[in-house]
Amino acid sequence: MPNLRTETLEDGICVLTFDRPDSSANIFDTATLAELDAEIDRLAKPETGAKGLILTSAKATIFVAGADLRGVQTMSPEQMSDFMTLGQTVFSKIAALPFPTVAAIHGAAVGGGCEVCLACDWRVASPDACTKVGLPETKLGLIPAWGGCTRLPRLLSVPRALDIILGGQTPSARHALKLGLVDDIAPREHLIHAALAALKHGKHPNSFAHSSTMNAVVDAFIAPQARHAVMAKTHGHYPAVQKALEVVLKGSSSSDEAASLKLEREAITELLTLDSTKNLLRLFFLQERAKKITFAAQPQGRDGTPLPSAGERSEVAGAAESAPSPAAALRSPRTARSAVPTCAVIGAGVMGSGVAQWISSRGGRVILRDVDAARVAAGMGNIAGLYASGLRNRTFTEREARDGRDRVSPAPAEVPLRNVDIVIEAAVEKMGVKKTIFRGLDELVGDDTILATNTSALSITELAAATKHPRRVVGLHFFNPVHRMQLVEVVVGRDTAPEIAQRALQFAQRIGKLPVLVKDSPGFLVNRILLPYLTEAGALFWGGASIKDIDAAMLDFGMPMGPLRLIDEVGADVALDVAATLAAAFPNRLHVPDVLPAMVSAELLGRKAGKGFYRYGKKGEAKPNKEAAQLRPPRLGRPPGRDELEKRMVLLMVNEAARCLEEGIVETPGDVDFAMVMGTGFAPFLGGPLRYSDSQSAAKIVAELSRLADEAGPHYAPCARLREMAEAGKCFYEN
Ligand code: NAI
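Residues numbered from 1 in each chain as written. Predicted model: local features only at pLDDT ≥ 70, side-chain atom pairs only at ≥ 80, totals over all residues. Heavy atoms only, no water.

1. Notes on the sheet that holds strand 12 (residues 408-411)
Right, on to step 1. One open sheet holds the eight strands; their spatial order is 12-11-10-13-14-15-16-17, and the pairing between them is mixed. If you trace the sheet from one side to the other, it starts and ends with strand 12 and strand 17 (514-519), each paired once. Here the average twist between neighbouring strands, direction ignored, is 25°.
Right, on to step 2. Bridging between strand 10 (residues 343-346) and strand 11 (residues 366-369) involves four bridges; their strand directions are parallel. Looking at the pairing, A344 lines up with I367 of strand 11.
Right, on to step 3. Packed onto the sheet, helix 15 (residues 350-361) meets strand 10, strand 11, strand 12, strand 13 (422-425) and strand 15 (473-478) and runs at close to 170° relative to strand 11.
Right, on to step 4. Here helix 20 (residues 498-510) sits on the sheet and contacts strand 10, strand 13, strand 14 (450-453), strand 15, strand 16 (487-492) and strand 17; the angle it forms with strand 16, its principal contact strand, is near 175°. (Pairing = 2+ DSSP bridges. Helix = DSSP H or I, 4+ residues; strand = E, 2+ residues; numbered from the N terminus. Axes fitted to C-alpha atoms, helices over the stretch in contact; angles between N-to-C directions. Contact = heavy atoms within 4.5 Å.)

2. Focus on the domain arrangement of the protein
It is common to give the size of an interface as the accessible area lost on bringing the parts into contact.
Right, on to step 1. Taken domain by domain, the protein holds domain 1 (4-271), domain 2 (326-520) and domain 3 (527-728).
Right, on to step 2. A C-alpha centroid distance of 42 Å is found between domain 1 and domain 3. (Domains from an automatic or database assignment.)

3. What about unusual backbone geometry?
Right, on to step 1. A cis amide bond links N480 with the next residue in sequence, P481, at an omega value of -5°.
Right, on to step 2. Inspection of the secondary structure assignment puts P481 in the loop between strand 15 and strand 16.
Right, on to step 3. Within the chain, H235 stands out as a residue other than glycine whose phi angle is a positive 50°.
Right, on to step 4. Tracing the backbone shows H235 in the loop between helix 9 (212-234) and helix 10 (239-251).
Right, on to step 5. Note on H235: relative accessible area 32%, which makes it partly exposed.
Right, on to step 6. Phi is positive for E603, close to 60°, though the residue is something other than glycine.
Right, on to step 7. Accessibility expressed as a relative area gives 57% for E603, which makes it exposed. (Buried < 20%, exposed > 50% of the residue type's maximum accessible area, 1.4 Å probe, protein only.)

4. Brief notes about helix 24 (residues 572-585)
Right, on to step 1. In a regular helix each residue adds 1.5 Å, so 14 residues correspond to 20 Å; helix 24 covers 20 Å between its end C-alpha atoms and thus fits that length.
Right, on to step 2. Buried residues belonging to helix 24 abut helix 21 (526-542), helix 23 (563-570) and helix 25 (595-601). (Expected span 1.5 Å × (residues − 1).)

5. Focus: the nonpolar core
Right, on to step 1. If you look at the biggest cluster of nonpolar residues, it comprises 183 residues, and the most contacted ones within it are L36, F63, F91 and F613.
Right, on to step 2. Per element, the largest residue contribution to this core is 11 residues, and it comes from helix 27 (residues 642-662).
Right, on to step 3. If we ignore the near neighbours within four places in the chain, the residues touching L36 are L4, L16, F18, F28, V90, F91, I94 and V116.
Right, on to step 4. With 38 residues, the next largest nonpolar core counts W358, V492, A497 and A508 among its residues. (Core = buried A, V, L, I, M, F, W, Y, C linked by side-chain atoms within 4.5 Å.)

Spelled out as structure tokens, the structure:
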């Protein structure tokens, strides 16, 4: 079936519409590119009488979403090189058409979808939120190689193109207009008119300067600065970013476009063979999967918990890009009614206000409740601050920010919550407080309101027992900062009804988060794995290692933030509460490190207090805090070097991740790795702790853990799953 169609308007203007059959998205696979190639060849013939060409899409939210990544994932280097040559050839033919061309963009024009637009003379875009124009390839370990690295610097200038390509940016239409990436904005229904107007400008005057002065500026200033910035940001772990930089710099140093295209092709073919690229592509597919997972009733597990199992978590084939599956919507009449359900958030602290802001930014109405007017006001202030920074970085327009703020209603006193679809409790991490809140909700909520808690580690099942409606209680564990972290753990308690689990899952998907289904167990999945790492970092600090060495060891490993800095972000008091819950649950291997209560007593609570392991300046700059070091007992012996620090912290995470799988906290290794990358930023290029274990081999991990169990403490003893795998020479993943 054809993936595109062309119609000719009266005056020889052709409109080519991408419309992939039976799909909500357009993508470029070999078949589509071949069709496009044939169509462009036809239009180029004088006898066709074409005088202009408009490219557009028939889809609701997507122009062209880029290359067929599933196909790319399985390509040999030769096949990849051929695929790249095909795309480059077709797009170059578009660029060389003897009449003007314009892309009329509504929806995502990303990756190859953006590159086909760059091959046109002009670009007009709709202002809708779904319209994004950009090149995210480096985030997937690839580079734009259908002309993106060649045409973007020629269109915008080298520094601007580098910002977009190295950052994997996909700006909104308005931002793209400011950058010069699109030439005009018009409402969707007037896009074709705007495109016709753009065609009147004729061919694009190619103004890119290749003068030797320009090259000298690039060589002398831009190149060294960009190389330095890339190294500082990636620690050398993301070869695609480095390759993209070199291709752009070299490719734009002369006017020879063909030579630049060849560089693109060679670089991407090489990148596709790297483990880091394979891991980033796998994570991309895990994200796509999370957008579509569903929960359906299953027989109860041995311990009575309705375990998520392979059958329950199915990808819905052919489902829309990010929309919940049609099947799921049918099962959930209530959420199917409105786009984003009405919510109440109880607790207006760091998390409550973050959650409320996020939901309101997604169109949901939120009642924000706390114990008194001052605390509600502080939460509202925090929300206003988040909108203000979203305005500054162009996430929102003025109007969107104002409308978003208006959707949050402050509630300093008890209000009825009968018409609320979902209550999210985000009060302090104390079981007693949470139980009182849940008991109180019995009288306030409607007949099918979901009762969700954002607890970090407390038992959902125990909390549910405090209400008259344990079936309606579910964990919805967001991560901090809410507006940046995409993961939400949907925690299914013993009594949680499957319908509630499904609605909670769907709610997370509706508000644009990526859910993972986890069993109710202390710390759930992410905190369970993260806590041993954080407490070990605390213990290493207490034993004499420096803040700088501990955090630098993990930054070098590929974490986005060091563990002590992370404790500061979470708050030493919150970390202490969570550590205490987990230490009580796993007393054989987890202890609350002395440093946490000491930090709390000394009021070194972290960033919210202006000081913790670090001291925070007015602009948020952080310097190691001497006060924290002064709390330590006298040092015994030499602290470990950075390599050993890294091993001690990383291997505890690997061991605990293997245990979570062993205990069925989640179903698959992919769930563990996905949640750790999305919830903690665990080195994405390594693919997550279990992928990392596979890359090292279970035998090597077990040998190191056994050594550490002898030298550093019995909490390092490798778990049964890892030992069995080491003996049998097995991996977590089959491929
Ligand atoms: P926070 O201390 O910033 O905020 C807690 C808020 O709850 C305070 O404003 C307090 O006045 C309010 N509160 C206390 N009792 C209340 C009651 N009876 N009714 C209404 N409000 C009440 O704490 P934070 O960090 O926002 O944590 C909230 C929850 O989210 C905790 O369960 C925590 O474990 C969890 N969480 C925290 C994360 C973090 O990084 N801080 C990450 C993920 C979850």
